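Each chain, written out:
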Amino acid sequence: MRSDDVRSLLQTAVPTAVAGAVAAAISGFVVGGKGAVGAVVATVVVILFMGIGFVVLQRTAKSLPHLFQAMGLMLYTVQILLLFVFLAVFKNTTLFHPRAFAITLVATTLVWIGAQTRAHMKAKILYVEPDSDKGEKPGNPGSKS
């Protein structure tokens, strides 16, 4: 993984972890220990799902750039479906407070997307790589009459 990809990943994961810590503190205060556990589990799930998706998307961009946009759309669809499956499986759990889990899951997902958008907007990405090897201008391929 390139250094700018790692920087972008950190610029998205850190705000998400901070939002999760705030959500855990609020959930712990409002609901109790199970609320804090639910918020922590939701934060870990979001960071894992979105982080793995980010890595997969960066590898796709490097190896198959023509599939990048389609892969991104498919990846986000799969991530949302997996989050719904995770919510459905742990809907009636007694391990943590489900409502604190669900609210934190949505909030940290939104923070991740916002932080990823901000990181991408602030990144200095070249869309066209300058050809530094050749200093000459391209010639006219037309006929010389």
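Structure shown above.
In what follows, the accompanying structure is described. Owing to the predicted nature of the structure, the values given are computational and were not obtained by experimental measurement.

**Notes on the overall build of the protein chain**
Step number 1: Scanning the protein chain from terminus to terminus reveals four helices and zero strands.
Step number 2: Beginning at the N terminus, the succession of helices and strands in the protein chain can be written as α-α-α-α.
Step number 3: Among the 145 residues that make up the protein chain, the fraction classed as buried is 27%.
Step number 4: Put simply, 72% of the contacts in the protein chain that link residues at least 6 apart link residues at least 24 apart.
Step number 5: When the accessible surface of the protein chain is totalled, it reaches about 10300 Å², and 68% of it is carbon and sulfur.

**Focus: the packing of helix 2 (residues 33–63) against helix 4 (residues 98–122)**
Step number 1: Across the interface, helix 2 lies against helix 4 with an axial gap of 8 Å and an inter-helix angle of 35°. Seen along the crossing, helix 2 lies across helix 4 with a hand that is right-handed. Here Gly35, Gly38, Ala39, Val41, Ala42, Thr43, Val45, Val46, Ile47, Met50, Gly51 and Phe54 of helix 2 lie close against helix 4, whose contacting residues are Ala100, Phe101, Thr104, Leu105, Thr108, Thr109, Trp112 and Gln116.

**Considerations on the packing of helix 3 (residues 68–89) against helix 4**
Step number 1: Relative orientation of the contacting elements helix 3 and helix 4 amounts to 165°, with a least axis distance of 11 Å. Between helix 3 and helix 4, the angle falls in the class roughly antiparallel. Helix-helix and strand crossings are classified by hand; for helix 3 and helix 4 the assignment is right-handed. In contact with Tyr76, Leu83, Phe86 and Leu87 of helix 3, helix 4 contributes Phe101, Ala102, Leu105, Thr109 and Gln116.
Step number 2: Its residues assigned to classes, the contact of helix 3 with helix 4 comprises seven nonpolar, two polar and no charged.

**Brief notes about the nonpolar core**
Step number 1: Within the largest apolar cluster, 10 residues are counted, these being Ala13, Ala42, Val45, Val46, Met50, Leu83, Phe96, Phe101, Leu105 and Trp112.
Step number 2: Those elements giving two or more residues to this core turn out to be helix 2 and helix 4.

**Here we look at the side chain of Gln79**
Step number 1: Relative to the helices and strands, Gln79 resides in helix 3.
Step number 2: In this structure Gln79 comes out as buried when scored by relative accessible area, which is 5%.
Step number 3: Not counting residues up to four positions away in its chain, the partners in contact with Gln79 are Phe49, Met50 and Gly53.

**Some thoughts on the packing of aromatic side chains**
Step number 1: Counted by the stated rule, this structure contains two aromatic pairs.
Step number 2: On the numbers, 5.6 Å between centres and 35° between planes, the contact of Phe86 with Phe101 is tilted. In this pair, Phe86 sits in helix 3 while Phe101 sits in helix 4, placing the two residues 15 residues apart along the sequence.
Step number 3: Assessed through its relative accessible area of 22%, Phe86 is described here as partly exposed.
Step number 4: Relative accessible area serves as the criterion here: at 1%, Phe101 is assigned to the buried category.
Step number 5: Here the aromatic rings of Phe96 and Phe101 are separated by 5.0 Å at their centres, their planes lie at 35°, and the arrangement is tilted. For the pair Phe96 and Phe101, one class covers both residues: buried.

Criteria and thresholds
- Residues numbered from 1 in each chain as written.
- Predicted model: local features only at pLDDT ≥ 70, side-chain atom pairs only at ≥ 80, totals over all residues.
- Heavy atoms only, no water.
- Helix = DSSP H or I, 4+ residues; strand = E, 2+ residues; numbered from the N terminus.
- Buried < 20%, exposed > 50% of the residue type's maximum accessible area, 1.4 Å probe, protein only.
- Contact = heavy atoms within 4.5 Å.
- Areas by Shrake-Rupley, 256 points an atom, 1.4 Å probe, with all protein chains shown as cover.
- Axes fitted to C-alpha atoms, helices over the stretch in contact; angles between N-to-C directions.
- Left-handed = near helix turned anticlockwise from the far one by under 90°.
- Parallel < 35°, antiparallel > 145°, perpendicular 65-115°, else oblique.
- Nonpolar A, V, L, I, M, F, W, Y, C, P; charged D, E, K, R; others polar.
- Core = buried A, V, L, I, M, F, W, Y, C linked by side-chain atoms within 4.5 Å.
- Phe/Tyr/Trp six-rings, centres within 6.5 Å; stacked < 30°, edge-to-face > 60°.

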